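Residue-level structure breakdown
Letter by letter, the chains look like this.
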Amino acid sequence: MVGRRAFTLIEVIVVTVLMAMLAAVLVTRLSGAASREFDIATEKVSDLMLMYAIRSEFASEPVGITMDPNRNSLSLVIRRGERDDMNNGWVPDLSVREVRLPDFLPVQQMEFLVDGDSVDPSDKPIRNLPGQPRPGLEVTLKSNDSQLARSVRLTLTPSALRPLRQDSMRNEPMSSIPRTSIDLDTSGRWQEDW
């Protein structure tokens, strides 16, 4: 009878330790990838809000942000042309790319506040008319992934161009103090040195 060679206890322990280390690295990589994807999506939405602010300050047409739940995306739109029952006049701004969000970050779970009131940009765009003061805009992104329980609030004040960011995972305060306009004449500060 030919002797069968079996694994020694040390070989089994070494293989088990290697498998555990490989699993730990893989889990870390996968959870880190979702977090990075969330950060990238947040930056893209922040850039879209920046372009909305710039366009609303300098464009001659009404500008808005719209949401498409079927594509899980946000877009910058401009009102051009004639409006009728079939066409509301809003067309995508071709100079600003559509923001496609990952599957674990559905646009239906995003919260949009305009001057404190909840709105749904899939029905009609969050808009600003030329020559009108821009409303305050707050967008909250929430992950529905059980391993990545995270939300980020982006706040675009009427006088700012870049939105302020507050991340629940990092417990960070607003990244900077929002600027407010001050009338120097009425506040008595018109003689201060700048």
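Structure first, text after, so check above.
Notes on the structure follow. (Residues numbered from 1 in each chain as written. Predicted model: local features only at pLDDT ≥ 70, side-chain atom pairs only at ≥ 80, totals over all residues. Heavy atoms only, no water.)

1. A short note on the nonpolar core
So the rule is basically this: Working definition of a nonpolar core: buried Ala, Val, Leu, Ile, Met, Phe, Trp, Tyr and Cys residues. They are joined through side-chain atoms within 4.5 Å. To sort residues, take the accessible area from a 1.4 Å probe on protein chains only and compare it with the maximum for the residue type: under 20% means buried, over 50% means exposed, and anything in between is partly exposed. The secondary structure listing takes helices from DSSP runs of H or I that are at least 4 residues long and strands from runs of E that are at least 2 residues long, numbered from the N terminus. In this description, contact between two residues means that some pair of their heavy atoms is separated by no more than 4.5 Å.
Core analysis: the biggest nonpolar cluster contains 31 residues, and Val45 and Leu137 have the highest contact counts within it. Elements with a minimum of two residues in this core: helix H1 (9-58), strand S1 (63-68), strand S2 (73-79), strand S5 (111-114), strand S8 (137-142) and strand S9 (151-156). When residues in this core are grouped by element, the largest group, eight residues, is from H1. Excluding residues that lie within four positions of it along the chain, valine 45 makes contacts with Leu74, Val99, Leu101, Val139, Leu141 and Leu154.

2. Some words on the side chain of threonine 66
Here is the rule we go by: Under this definition, polar contacts are N or O atom pairs within 3.5 Å; protein pairs additionally need one hydrogen-donor-capable and one acceptor-capable atom, and for neighbouring residues in sequence, both atoms have to be side-chain atoms.
Residue position: threonine 66 is located in strand S1. The exposure class of threonine 66 is buried, given its relative accessible area of 18%. Of the polar contacts made by the side chain of threonine 66, one reaches the backbone oxygen of proline 121; its length is 3.1 Å.

3. A look at the pattern of salt bridges
Cut-off, in case you're wondering: Salt bridges are counted wherever a side-chain nitrogen of Lys or Arg sits within 4 Å of a carboxyl oxygen of Asp or Glu.
Scanning the entire structure with this criterion turns up 12 salt bridges. A salt bridge links arginine 150 to aspartate 39; the nearest nitrogen and oxygen atoms lie 2.5 Å apart. Remark: aspartate 39 occurs in helix H1 and arginine 150 occurs in the loop between S8 and S9; sequence separation between them is 111 residues. In this structure, arginine 150 and aspartate 39 share a single accessibility class: buried. Arginine 153 is the salt-bridge partner of glutamate 138, the closest N and O atoms lying 3.9 Å from each other. One end of the pair, glutamate 138, is in strand S8; the other, arginine 153, is in strand S9, with 15 residues separating them in the sequence. Look at arginine 153 and you get partly exposed, because its relative accessible area is 30%. Taken together, the salt bridges that share partners define one network made up of Asp39, Glu43, Arg150, Arg165 and Asp167.

None of the figures reported here should be taken as evidence of function without further support.
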